[in-house]
Amino acid sequence: GECSQTHLLPAHRARSVYWPVRRFFQDILHTKYRAATDVYALMFLADVIDFIIIIFGFWAFGKHSAATDITSSLSDDQVPEAFLVMLLIQFSTMVIDRALYLRKTVLGKLAFQVVLVLAVHLWMFFILPAVTERMFSQNAVAQLWYFVKCIYFALSAYQIRCGYPTRILGNFLTKKYNHLNLFLFQGFRLVPFLVELRAVMDWVWTDTTLSLSNWMCVEDIYANIFIIKCSRETEKKYPQPKGQKKKKIVKYGMGGLIILFLVAIIWFPLLFMSLVRSVVGVVNQPIDVTVTLKLGGYEPLFTMSAQQPSIVPFTHHAYEELSKQFDPHPLAMQFISQYSPEDIVTGSSGALWRISPPSREQMKRELYNGTADITLRFTWNFQRDLAKGGSVEYTNEKHTLDLAPNSTARRQLASLLEGTSDQVIPHLFPKYIRAPNGPEANPVKQLQPNEEADYLGVRIQLRRERVGTGAAGFLEWWVIELQDCQANCNLLPMVIFSDKVSPPSLGFLAGYGIMGLYVSIVLVIGKFVRGFFSEISHSIMFEELPCVDRILKLCQDIFLVRETRELELEEELYAKLIFLYRSPETMIKWTRDKE
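Residues numbered from 1 in each chain as written. Predicted model: local features only at pLDDT ≥ 70, side-chain atom pairs only at ≥ 80, totals over all residues. Heavy atoms only, no water.

A. Here's a closer look at the sheet that holds strand E8 (residues 432–435). In spatial order, the strands read E3-E4-E11-E8; together these four strands make up an open sheet with mixed pairing. The sheet is open, and its two edges are formed by strand E3 (312–313) and E8, each paired on a single side. (Pairing = 2+ DSSP bridges. Helix = DSSP H or I, 4+ residues; strand = E, 2+ residues; numbered from the N terminus.)

B. Geometry of the UniProt feature "transmembrane region" (unreviewed entry) in the chain. Listed under "transmembrane region" (unreviewed entry) in the UniProt record, and renumbered for this structure, are residues 39–62, 82–101, 110–131, 143–160, 252–276 and 506–529. Between the end C-alpha atoms of residues 143–160 the distance is 25 Å, and the span holds 100% helix and 0% strand. (UniProt positions renumbered as here; feature names shortened; annotations may be inferred.)

C. Focus on the sheet that holds strand E6 (residues 394–403). The strand order across the open sheet formed by four strands is E2-E1-E5-E6, and the pairing between neighbours is antiparallel. What marks the edges here is a single partner per strand, and that holds for strand E2 (302–307) and E6. Put simply, the sheet's adjacent strands are angled 10° from each other on average, direction ignored. Pairing geometry for strand E1 (residues 288–295) and strand E5 (residues 374–383), over eight bridges, is antiparallel. Bridging from a neighbouring strand, Val-291 pairs with Trp-380 of E5. (Axes fitted to C-alpha atoms, helices over the stretch in contact; angles between N-to-C directions.)

D. Just helix H5 (residues 106–132), in detail. The end-to-end C-alpha separation of H5 is 36 Å, in line with the 39 Å expected for 27 residues at 1.5 Å each. Those residues of H5 that fall on the buried side of the exposure criterion are Val-106, Lys-109, Leu-110, Phe-112, Gln-113, Leu-116, Val-120, Met-124, Leu-128, Pro-129 and Thr-132. The positive-phi residue at the C-terminal boundary of H5 is Glu-133, with phi of around 60°. (Expected span 1.5 Å × (residues − 1). Buried < 20%, exposed > 50% of the residue type's maximum accessible area, 1.4 Å probe, protein only.)

E. Up close: the pattern of salt bridges. Evaluated as defined, the whole model comprises 17 salt bridges. Measuring nitrogen to oxygen at the nearest pair gives 3.0 Å for the salt bridge that ties Lys-229 to Glu-233. Of the two residues, Lys-229 and Glu-233 are both situated in helix H9 (residues 212–237); the distance of four residues between them amounts to about one turn of the helix. Exposure remark for Glu-233: the relative accessible area of 25% places this residue in the partly exposed category. Of the charged contacts in the structure, one is a salt bridge between Arg-562 and Glu-570, with a shortest N-O distance of 2.9 Å. Residue classification places Arg-562 among the buried residues on the basis of a relative accessible area of 6%. Salt bridges linked by common partners bring Arg-98, Arg-198, Asp-202 and Glu-219 together as one network. (Salt bridge = Lys/Arg side-chain N within 4 Å of Asp/Glu carboxyl O.)

F. Molecular detail of the pairing of E2. What you see with E2 is a clean split: Phe-302, Met-304 and Ala-306 sit on the buried side and Thr-303, Ser-305 and Gln-307 on the side with no burial. Count of turn residues in the E1/E2 antiparallel hairpin: six residues, of which Gly-296 carries a positive phi of about 60°.

G. Quick look at the packing of helix H18 (residues 549–563) against helix H19 (residues 567–582). Two elements in contact, H18 and H19, have axes separated by 8 Å at closest approach and are oriented at 160°. By the angle between their axes, H18 is roughly antiparallel relative to H19. Considering how the two elements wind past one another, H18 and H19 form a crossing that is left-handed. Contact residues: Ile-551, Leu-554, Cys-555, Asp-557, Ile-558, Val-561 and Arg-562 in H18; Leu-567, Leu-569, Glu-570, Leu-573, Tyr-574, Lys-576, Leu-577, Leu-580 and Tyr-581 in H19. Its residues placed into classes, the contact of H18 with H19 shows 12 nonpolar, no polar and four charged. (Parallel < 35°, antiparallel > 145°, perpendicular 65-115°, else oblique. Left-handed = near helix turned anticlockwise from the far one by under 90°. Contact = heavy atoms within 4.5 Å. Nonpolar A, V, L, I, M, F, W, Y, C, P; charged D, E, K, R; others polar.)

H. The nonpolar core, seen in detail. Judged by nonpolar contacts, the single largest core of 39 residues is most densely connected at Leu-293, Leu-295, Phe-382, Ile-460 and Met-494. No other element matches E5, which puts five residues into this core. (Core = buried A, V, L, I, M, F, W, Y, C linked by side-chain atoms within 4.5 Å.)

I. Fine view of the environment of Leu-413. Note on placement: Leu-413 falls in helix H14 (residues 408–416). Separated by 49 residues in the primary sequence, Leu-413 and Leu-462 have C-alpha atoms spaced 9.7 Å apart. With residues up to four places along the chain from it excluded, the contact list for Leu-413 reads Leu-295, Leu-367, Leu-403, Gln-423 and Ile-460.

J. Looking closely at the packing of aromatic side chains. Within the structure shown, the criterion is met by 20 aromatic pairs. Note on Phe-378 and Trp-380: the rings are 5.9 Å apart at their centroids and 50° apart in plane angle, and the pair reads as tilted. Aromatic rings pair up to connect Phe-326, Phe-335, Tyr-339, Tyr-432 and Phe-497 into one cluster. Over the ring of Tyr-177 we find Lys-229; its NZ or CZ atom is 5.6 Å from the centre of that ring. (Phe/Tyr/Trp six-rings, centres within 6.5 Å; stacked < 30°, edge-to-face > 60°. Lys NZ or Arg CZ within 6 Å of the ring centre and 35° of its normal.)

Take a look at the structure:
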């Protein structure tokens, strides 16, 4: 007897645990008195808040992502794994929740609730602290996410306890016809893919005879009729007597704002670029100026490299002198007036000429006996500081002279290699250079209208100094100076006009330029605005409806017979709705004011 009691004891304990659990779930699923309710909208809102918390606080759900910004990660085409997994799981739970809601499966919702509660608590209190190496009590973002999730669990439990509603009729935002519901409904329709995703999911998990295109047609008609109904309710609330002109506050309030908006959009690129240059523009002086004179493919004859200490901004006195020099020329003055003294710099220095003896001899032979043209290339290169907001670090350009075989200039250059004389090369050096925000730094045509004819001539000479014994004991360098130099002849006074750049905060717009802004912003917005003011006549018979109550009732009847599984009647009512939109005469009768 004692042995039998010992064997029965575990079974009795198992039954004592099993039966209360079984009775608990049975009472939930088969409640005698149940008031069906619908809190899906609040559950969806809680899920959306959790979704936003994950996006903006994803750094709290990874070990080494605390110092990472999600925007910088995505801009580098890198998707953090923790961020991706959490987003996909959160989105999947929202889709499953919608499917259970449409199928009205309380048992499925209960199973989903149990699995989700266990999974969330396992993840929040065990897996997440192990991954992030931070306790749950030290993770504020995780605590916020968990708090909102607990609200979702409470709403889900209340939904399971009360049961799903027997009839799901349309969007919950369309239950009332006021400004708030209209505003929220229009915002809902503006979210990309949300309307389409909801409609397809509803079609998949709802018993219906309609095809997907027919289903979308009913949804579109219902949405348009709801918007018209809200407009008609507003007209009833604020009626306007017949024959009374529109009030000035309405005309100037609405019309004036539209006029200001359109004028601002039309002139926005010009105003924006002008303000960027004159008001908020950042001075973008070059930090390095390099000028090179090169003959053919040999080592440069001369390299002038000036860094910031040697790059001197214009003083107000120098700016005034420049303005007086070009005062008789309107085009030149218009160009100069676009720049302030700190935008204009000048500077120079020099370097040794290092060339191997074989290359030197080869250059001399080519100059004397060569049968092809040889190019004398004068190149300038400017480097800017990208931290100031520019988009291009280096800007450069060149001016070339082709020396024909047996020409005087070639023979004189060859004689220079022997150090016998100096030579003047006319029209080689452009004194005024513009350094725009782009990669090309061209000579300023307004200040040098004849282009190459206005370039300055330079005198070049090869100098050498003995520093040791033997043939290799010489240092050589080229001296280049202006042809008509009077003082400081060892300088090439290049004047650089640097365009201002937009601050980094406005760089995303200023980078388009004036034409880019007109094409990408003004024309796009213009096309969008034109959609409101054109082809209005095509939609008159569908939007200028005095009373839409009967059409609204017909749409709701389609939803109702679908919920009651009278699918044949659903098909007939849909055919009636389509006929109504195909027959203008019937539409006029149906939308006639009841009064």
